[in-house]
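For reference, the chains in residue letters:
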Amino acid sequence: MHRGVQLAVVAVTVAWVGLYAQQPAPPANPLEDWTPDMLHSIEVLPKDITPDALMKLMKDWNAALNVDCVFCHKGQVGKPWSTYDFTDVGKKRHEVARLMVKSTAGLNETFKDLGEADEPVKVTCASCHRRSRHPEITPPAAAPKPEK
Ligand code: HEC
Ligand code: HEC
């Protein structure tokens, strides 16, 4: 590639990345602006969880594992969530997610005396998953400055 062109590509990329970093979160996708009227098959989450709170949690799980709703639920990507069958519990990952909820609750129970009263220890899906469906088993390559 001609050097001038190369530089231009770099400049555009840098500008785009910079711009992107400064953008506020994109407006919510209208396809995704949906909340169920009622919940049918809640087994491991608190039975009195509201549909709003459940939807917030589901979006947190998407972020924690860097997956889409179809990772655990039956539905078609690009179609509105209202067309998904969230009561179908047939996917293996749905079952694994329920196991994960129980084990995360178990860890919080096990660790409950480690924290301070005003700062309880809290384990979440993101504690392990860090935006990946496969949690790392070794530390990241670049060691951060050790804490004193
Ligand atoms: C990591 C797996 C996973 C992901 C990702 C996920 N869910 Fe769920 N979802 C579950 C599990 C497990 C339950 C059942 C919880 C229980 O049994 O207490 C559930 C329950 C639900 C329910 C309630 C169904 C009912 O009526 O009982 C809805 C609605 C739902 N999810 C929507 C979503 C949406 C929308 C997304 C994406 C934003 C999403 N889920 C992402 C695993 C997942
Ligand atoms: C203590 C660490 C830990 C926590 C906390 C944790 N997970 Fe996991 N999770 C794992 C490990 C380890 C695996 C197996 C990963 C692999 O296959 O590489 C896994 C696998 C999964 C899978 C299967 C992924 C696949 O590729 O099939 C799902 C779904 C999942 N976790 C959901 C959750 C959810 C939802 C939460 C929070 C409620 C959660 N996990 C909390 C460690 C954790």
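Data block above holds the structure.
Residues numbered from 1 in each chain as written. Chains lettered and ligands numbered in written order. Predicted model: local features only at pLDDT ≥ 70, side-chain atom pairs only at ≥ 80, totals over all residues.

Turning to the overall build of the protein chain, a few remarks are in order. Secondary structure assignment for the protein chain yields four helices and zero strands. Its helices and strands taken in sequence order, the protein chain reads α-α-α-α from the N to the C terminus. In the protein chain, which comprises 148 residues, the share counted as buried stands at 3%. Taking all contacts inside the protein chain whose residues are at least 6 apart in sequence as the whole, residues at least 24 apart take part in 38%. (Helix = DSSP H or I, 4+ residues; strand = E, 2+ residues; numbered from the N terminus. Buried ≥ 20, exposed ≤ 12 C-beta atoms within 10 Å, placed from the backbone. Contact = placed C-beta atoms within 7 Å.)

What surrounds ligand 1 is a group of 26 residues, the closest being Glu43, Leu45, Met58, Cys69 and Cys72. Mapped by element, the contributors of at least two residues to the shell around ligand 1 are α2 (51-65) and α3 (92-110). Per element, the largest residue contribution to the shell around ligand 1 is six residues, and it comes from α2. When grouped by side-chain class, the residues that make up the shell around ligand 1 number 16 nonpolar, six polar and four charged. (Near = placed C-beta within 6 Å. Nonpolar A, V, L, I, M, F, W, Y, C, P; charged D, E, K, R; others polar.)

Near ligand 2 there are 17 residues, and of these Met100, Cys125, Cys128, Arg133 and His134 occur at the shortest range. Elements represented by at least two residues in the shell around ligand 2 include exactly α2, α3 and α4 (125-129). Among the elements that take part in the shell around ligand 2, α3 stands out by supplying seven residues, more than any other. Residues of the shell around ligand 2, tallied by class, amount to 11 nonpolar, four polar and two charged.

So, about the environment of Ser127. Relative to the assigned elements, Ser127 resides in helix α4. In this structure, the C-alpha to C-alpha distance between Ser127 and Thr104, residues 23 residues apart in sequence, is 9.7 Å.

So, on to unusual backbone geometry. The phi torsion at Arg130 lies on the positive side, around 45°, for a residue other than glycine. Mapped onto the elements, Arg130 comes out in the segment after α4. Overall, Arg130 belongs to the partly exposed group, with 14 C-beta atoms counted inside 10 Å.

Here α2 spans 21 Å end to end across 15 residues, near enough to the 21 Å set by a 1.5 Å rise per residue. In the segment just after α2, Asn66 is the residue with positive phi, at about 55°. (Expected span 1.5 Å × (residues − 1).)

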